[in-house]
Structures are given as structure tokens and as C-alpha cells.
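Report on the structure
This is what each chain is made of:
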Amino acid sequence: MSKPVPRPGILDIAAYVPGKEHAPGVARVYKLSSNETPLGASPKAIEAFKTVADNLGRYPDGQAIELREAIAAVHGLNPANILCGNGSDELLGLLCHVYLGAGDEGIITEHGFLVYKIQILGAGATPVVVKEKDYTVDVDAILAAVTEKTKIVFIANPGNPTGTYVSVSEIRRLQAGLPKHVVLVLDAAYAEYVRRNDYEAGIEVVSSYANVVMTRTFSKAYGLAALRVGWMYAPAEIVDALNRVRAPFNLNAPAIAAAAAAIRDQAFIQQAVSFNQMWVETLTQALEAIGLKVTPSVANFVLIHFPEIDGKRAADADDLLMSRGYILRAVRGYGFANALRMSIGPEEANRGVIAALTEFMGHQA
């Protein structure tokens, strides 16, 4: 060979494409494509971030003890069962790196987070995609897809980009039906936003079984997307296995300090969640009133479905919205060719999208 060549399969992976950030030619842009919080970070997290500035010459704590203890205190957990990562993406990748190899299979659902498939392929394993039911994870479909090659199952709960969720009773039924050696990953990136009595992010399930892990993030409700902080709650044996291969200083010191302060400021998080809940309901009602279908969402975004009519499809709406500075997320890669995902933004952005889509659908504002 005349040049380095990646191992088979790597160049077949479609790289993850983040949400758009720019609308050329528009003076004021509202980025509603990446599920970021419009309230930003807690002032206490920002202050904690700044306090680290005088100590940038020193390595961070490789064990992220301050952050793990803060998470443990808020959620009532043992810090030994917590592992922090450079975003939950890193933890998802480590799980695949540790528990998958050539000849193995990882189960994902048809509208699941695209990173699952990327990481499964990156580990040399085979992704097995199962159908969802009404845009919601189907436990029976997953269990039917399990083979002797299955080593891991990824569940986004709530789902992205759907915003739907699976009850804790269904999660327990799924765990009970899986072989004991199969790792069940509950990706609860949007858990803070959920207000449903039958939902549980995963803490109870992880505490009960040896093959379940829960991943969480500080990028959404906590407003620390720029710092890339995620965490995992898992059985001690799984934490130990991942610790053996993760980078020794995978979280930087400002991220550790800011995230620890952020999770302690639960009053701020409740403000963010209340704002979000009000606008999810307002947007859903307003968009359905003008003839659009909106998948019921418990997260901080809504999935908007457009008519199969020339001039009224998602791509047409996207063009109009972009021209006015509203950047939503096209979700063709998630199996929705005629839908857009809209993150809950600041009030003026939310009202602006409602007005623009009201005009788009031919209604009076």
C-alpha cells in the first residue's frame, strides 16, 4: 500500500452532521437546531468557570471527584458508580469500545440518536435497526431482534428527534427480556425536562441490575454545551472497565468546576424546565391550530410534520424560516424526510417561528 489505509468499514461510516448555525444574509439569527437551552448556564456555573482561569497551567483532576460528588449529592448516588466524560458522546463511544468487537451486534431504534450507529460501526460491530411504534421505542421489536451476537442495546429516553418516551415499566420489561450479558444503555440526555409520573431516567433500574447503565448530559437543561460534560451511572464493574480505557484527563478543569456548580443550582434548573414546558405546550397548540402535525414531546424540542403538498413540505418551510433567521433542524437522517425539529428558543424566536409558519400555511397571523 502506498498510503495509510483505515481498517475496513471506517470509511463507510457517515460522519455526524451537527445542526446548522448560520443563515447567510440574515442580520439576526436564532439557532433552534441543536436543542440548546435559551436560558444559558446558571450564573453560579459561570462564576465557577471564571475562578479556574488563574490555574490553567495545572492538569485537571483526572477523577473529576468534585463533580462526581456533586452529582451524587443531588441524586442520592454513590460517587463510585459515576463516571464523567467529555460529553455523554464520549461515554457512549467508550461503551462500544469496551463491549463490542467484530462479529457482535448492537441494537438501535429507527429514529434513535445517530451517534449510536457511528460508535457501533467504529467498534467493528454491526448495528441492528429495529422499528419504532408511533415514533416511540418498541420493546417487543427490540426483544425480537436479539440474537446470540447481541452485546448492547441503546435506548434514547426521551427520544431524539421525536421527543417521545418509554415508561419505566416498559424499561424494566425490556431489561427482564434481555440476556444478562447484554448491556442496556439508557441515554437520558433530556431527562430533566420530563414531567410524567410513569417516567424514570434510569437511576432505579441501574441500581437494581448489573447490566444497565444510564448516561446524562450537562449540554441541555444545564446550558453547558460549550464545555462538553456528560456523566454515567452504572454498576461498579462497568465503571471500572471504562476507566481502564478512557483518556486520563478527559474533562478539563473549567468544565468540572462549572458542572459541579450547575448541578447544585437546582433552582435555576427548575426555571429552565418551567420555561420549556410552557413553550412546548404553546408551540404544539399553535402549530396544530394551523394544520401542522406535532409529535407530542416531553423534551426541549418539537418534531413538526409538514403536508405532502407541493410548496408546503418541510424543505419549503425550512427555506422560508432560514430566510428570516430561524434555523431549525432537518431530520432526514433520522428517517423523517418531511419534518423539521425545532428547539425551544427564547420567546421572540418561538413567536417568530409561529408567525412565519402561520403565513407559510396560508393562515392569518
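All figures in this text were calculated on a predicted structure; none of them were measured in a lab.

**Here's the deal with the pairing of strand β3 (residues 105–109)**
With 5 of 5 residues buried, β3 is to be regarded as a mostly interior element. On β3, burial covers both faces: Glu 105, Ile 107 and Thr 109 on one face and Gly 106 and Ile 108 on the other are all buried. Here β3 runs beside strand β4 (residues 126–130); their pairing, made up of 5 bridges, is parallel. Along β4, the bridge assignment pairs Ile 107 with Val 128. In this view, the connection linking β3 to its parallel neighbour β4 by way of helix α4 (residues 114–122) has right-handed handedness.

**Some remarks on the pattern of salt bridges**
Per the stated rule, a full pass over the model turns up 13 salt bridges. Across the salt bridge formed by Lys 131 and Glu 110, the nearest N and O atoms sit 3.6 Å from each other. A residue pair is termed long-range when its members are at least 10 positions apart, and Lys 131 in the loop between β4 and α5 (139–145) and Glu 110 in the loop between β3 and α4 qualify at 21 residues. On the accessibility criterion, Lys 131 (60% relative accessible area) is exposed. Taking the relative accessible area as the measure of exposure, Glu 110 reaches 26% and is therefore partly exposed. Its salt-bridge partner being Asp 310, residue Arg 313 comes within 2.6 Å of it at the nearest N-O pair. Take Arg 313: its relative accessible area is 28%, and that puts it in the partly exposed class.

**What to know about the UniProt feature "modified residue: N6-(pyridoxal phosphate)lysine" (unreviewed entry) in the chain**
In this numbering, the UniProt entry assigns the feature "modified residue: N6-(pyridoxal phosphate)lysine" (unreviewed entry) to Lys 220. Note on placement: Lys 220 falls in the loop between β7 (212–217) and β8 (230–233). For Lys 220, a relative accessible area of 14% translates into the label buried. If we ignore the near neighbours within four places in the chain, the residues touching Lys 220 are Ser 34, Asn 35, Thr 37, Ala 189, Tyr 190 and Tyr 193. For Lys 220, the side chain forms a polar contact with the main-chain oxygen of Ser 34, separated by 3.3 Å.

**Things to note about helix α12 (residues 347–360)**
Between its terminal C-alpha atoms α12 stretches 20 Å, which fits the 20 Å expected from 14 residues at 1.5 Å a residue. Within the span of α12, buried status applies to Ala 349, Asn 350, Gly 352, Val 353, Ile 354, Ala 356, Leu 357, Thr 358 and Phe 360. At its buried positions, α12 is contacted by β1 (30–31), α10 (266–289), β10 (301–305), α11 (314–323), β11 (326–327) and β13 (339–343). Immediately beyond the C-terminal end of α12, within one or two residues, lies Gly 362, with a positive phi of roughly 85°.

**Considering the packing of helix α3 (residues 87–99) against helix α8 (residues 236–243)**
Two numbers describe a pair of packed helices, the interaxial angle and the distance between the axes. Put simply, α3 and α8 touch, their axes get as near as 10 Å, and they point 90° apart. By the angle between their directions, the pair α3 and α8 is classed as roughly perpendicular. Packed against α3, whose contacting residues are Leu 91, Leu 94, Leu 95, Val 98 and Tyr 99, the element α8 presents Glu 237, Ile 238, Ala 241 and Leu 242 at the interface. Here the residues of the contact of α3 with α8 are counted per class, giving 8 nonpolar, no polar and 1 charged.

**Looking at the state of the cysteines**
Tallied over the full model, the rule gives 0 disulfides. Unpaired in this structure, Cys 84 has its nearest cysteine sulfur neighbour in Cys 96, at a distance of 19 Å. Overall, Cys 84 belongs to the buried group, its relative accessible area being 4%.

**Concerning the packing of aromatic side chains**
The description of two aromatic rings rests on the distance between their centres and on the angle between their planes. Counted under the stated rule, the structure contains 9 aromatic pairs. For the pair Tyr 59 and Phe 249, a centre-to-centre distance of 4.7 Å together with 20° between the ring planes defines the contact as stacked. In this pair, Tyr 59 sits in the loop between α1 (43–51) and α2 (65–75) while Phe 249 sits in the loop between α8 and α9 (253–264), placing the two residues 190 residues apart along the sequence. Note on Tyr 59: relative accessible area 68%, which makes it exposed. Consider the rings of Tyr 135 and Phe 336, whose centres lie 5.2 Å apart with planes at 75°: the pair is edge-to-face. Of the two residues, Tyr 135 is situated in the loop between β4 and α5 and Phe 336 in the loop between β12 (329–330) and β13; the sequence distance between them amounts to 201 residues. According to the relative accessible area criterion, Phe 336 is buried, its value standing at 5%. In this structure, Arg 28 is placed above the aromatic ring of Tyr 30, and the distance from its NZ or CZ to the ring centre is 4.1 Å. Over the face of the ring belonging to Phe 301 we find Arg 341, whose NZ or CZ atom lies 5.7 Å from the ring centre.

**Looking at the UniProt feature "domain: Aminotransferase class I/classII large" (unreviewed entry) in the chain**
Feature annotation in UniProt assigns "domain: Aminotransferase class I/classII large" (unreviewed entry) to the following positions: residues 29–356. Segment residues 29–356 splits into 39% helix and 17% strand. End C-alpha atoms: 14 Å apart.

**Here we look at the nonpolar core**
Ranked by internal contacts, the top residues of the largest apolar core, which has 60 residues, are Leu 67, Ile 155, Phe 218, Leu 224 and Trp 231. In contact with Phe 218, other than residues within four places in its own chain, are Leu 67, Ile 71, Gly 223, Leu 224, Ala 225, Val 229, Trp 231, Ala 259 and Ile 263.

**Examining the environment of Thr 164**
Within the secondary structure layout, Thr 164 lies in the loop between β5 (150–156) and α6 (168–177). For the pair Thr 164 and Pro 307, spaced 143 residues apart in sequence, the C-alpha to C-alpha distance is 21 Å. In this view, Thr 164 contacts Asp 134, Tyr 135, Thr 136, Asn 157, Pro 158, Gly 159, Thr 295 and Pro 296; residues no more than four positions away in its chain are not counted. Reaching out from Thr 164, the side chain makes a polar contact with the side chain of Thr 162 at a distance of 3.0 Å.

**Describing the pairing of strand β6 (residues 183–187)**
Two faces make up the sheet, and in a regular strand the side chains alternate between them. Burial runs high along β6: 5 of the 5 residues are buried. One ladder, built from 5 bridges, connects β5 with β6; its direction is parallel. Counterpart to Ile 155 in the pairing with β6 is Leu 186. Between the parallel pair β5 and β6, the chain is carried across by α6, and the sense of this crossover is right-handed. Taken together, the 4 bridges between β6 and β7 define a ladder with parallel strand orientation. Its bridge partner lying in β7, Asp 187 is registered against Thr 215.

Basis of the calculations
- Residues numbered from 1 in each chain as written.
- Predicted model: local features only at pLDDT ≥ 70, side-chain atom pairs only at ≥ 80, totals over all residues.
- Heavy atoms only, no water.
- Buried < 20%, exposed > 50% of the residue type's maximum accessible area, 1.4 Å probe, protein only.
- Helix = DSSP H or I, 4+ residues; strand = E, 2+ residues; numbered from the N terminus.
- Pairing = 2+ DSSP bridges.
- Right-handed = clockwise from strand over helix to strand, strands pointing away.
- Salt bridge = Lys/Arg side-chain N within 4 Å of Asp/Glu carboxyl O.
- UniProt positions renumbered as here; feature names shortened; annotations may be inferred.
- Contact = heavy atoms within 4.5 Å.
- Polar contact = N/O pair within 3.5 Å; in protein donor to acceptor, adjacent residues only side chain to side chain.
- Expected span 1.5 Å × (residues − 1).
- Axes fitted to C-alpha atoms, helices over the stretch in contact; angles between N-to-C directions.
- Parallel < 35°, antiparallel > 145°, perpendicular 65-115°, else oblique.
- Nonpolar A, V, L, I, M, F, W, Y, C, P; charged D, E, K, R; others polar.
- Disulfide = S-S within 2.5 Å.
- Phe/Tyr/Trp six-rings, centres within 6.5 Å; stacked < 30°, edge-to-face > 60°.
- Lys NZ or Arg CZ within 6 Å of the ring centre and 35° of its normal.
- Core = buried A, V, L, I, M, F, W, Y, C linked by side-chain atoms within 4.5 Å.

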